[in-house]
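Residue-level structural notes
The residues making up each chain are set out below.
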Amino acid sequence: YYRTAAFFDPIPGSSLYICAPLNVPGYFREVWIPLFVHEMLLMALAVFKGIQVAREHGKGGYMARFTLFLVRDSVLYYFRFAKAADFISLHSADIR
């Protein structure tokens, strides 16, 4: 079990705050980055195909609506995956 620490500080010159890990375990890059790249590639391919089908079939029709449904779900899945990965990676963090 590996515990990591994180900081929660304001961004200099801004009223926004940032939360970032301090001591990330060595396996972080080997595990999460390929997963993010794979999911990003799948999302990009779905968006590309959605644009292609929309141009070929117009905005109406069964194929365009079905493809729009698939693209929407692919994009939502990607952002849910990113949020879940963020939660998992910082779940055991000690926030200062």
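Right, let's walk through the structure included here. (Residues numbered from 1 in each chain as written. Predicted model: local features only at pLDDT ≥ 70, side-chain atom pairs only at ≥ 80, totals over all residues. Heavy atoms only, no water.)

A tally of regular secondary structure across the protein gives two helices and three strands. Starting at the N terminus, the α and β elements of the protein follow one another as β-β-α-α-β. For the protein, the proportion of its 96 residues judged to be buried stands at 20%. Counted over contacts in the protein with a minimum sequence separation of 6, partners at least 24 positions apart contribute 53%. Of the roughly 7500 Å² that the protein leaves accessible, carbon and sulfur atoms contribute 68%. (Helix = DSSP H or I, 4+ residues; strand = E, 2+ residues; numbered from the N terminus. Buried < 20%, exposed > 50% of the residue type's maximum accessible area, 1.4 Å probe, protein only. Contact = heavy atoms within 4.5 Å. Areas by Shrake-Rupley, 256 points an atom, 1.4 Å probe, with all protein chains shown as cover.)

Another point: the packing of aromatic side chains. Enumeration according to the criterion identifies one aromatic pair in this entry. Consider the rings of Tyr 78 and Phe 79, whose centres lie 5.4 Å apart with planes at 75°: the pair is edge-to-face. Relative accessible area serves as the criterion here: at 11%, Tyr 78 is assigned to the buried category. (Phe/Tyr/Trp six-rings, centres within 6.5 Å; stacked < 30°, edge-to-face > 60°.)

Our focus in this paragraph is helix H1 (residues 28-57). Taking 1.5 Å per residue, 30 residues should reach 44 Å; H1 reaches 43 Å between its end C-alpha atoms and fits that length. Taken together, the buried positions of H1 are occupied by Trp 32, Glu 39, Met 43, Ala 46, Gly 50 and Val 53. Immediately downstream of H1, the backbone of Gly 58 shows phi near 75°, a positive value. (Expected span 1.5 Å × (residues − 1).)

Within the secondary structure, Thr 67 is located in helix H2 (residues 62-90). Contacts of Thr 67, omitting those with residues within four sequence positions, involve Lys 49, Gly 50 and Val 53.

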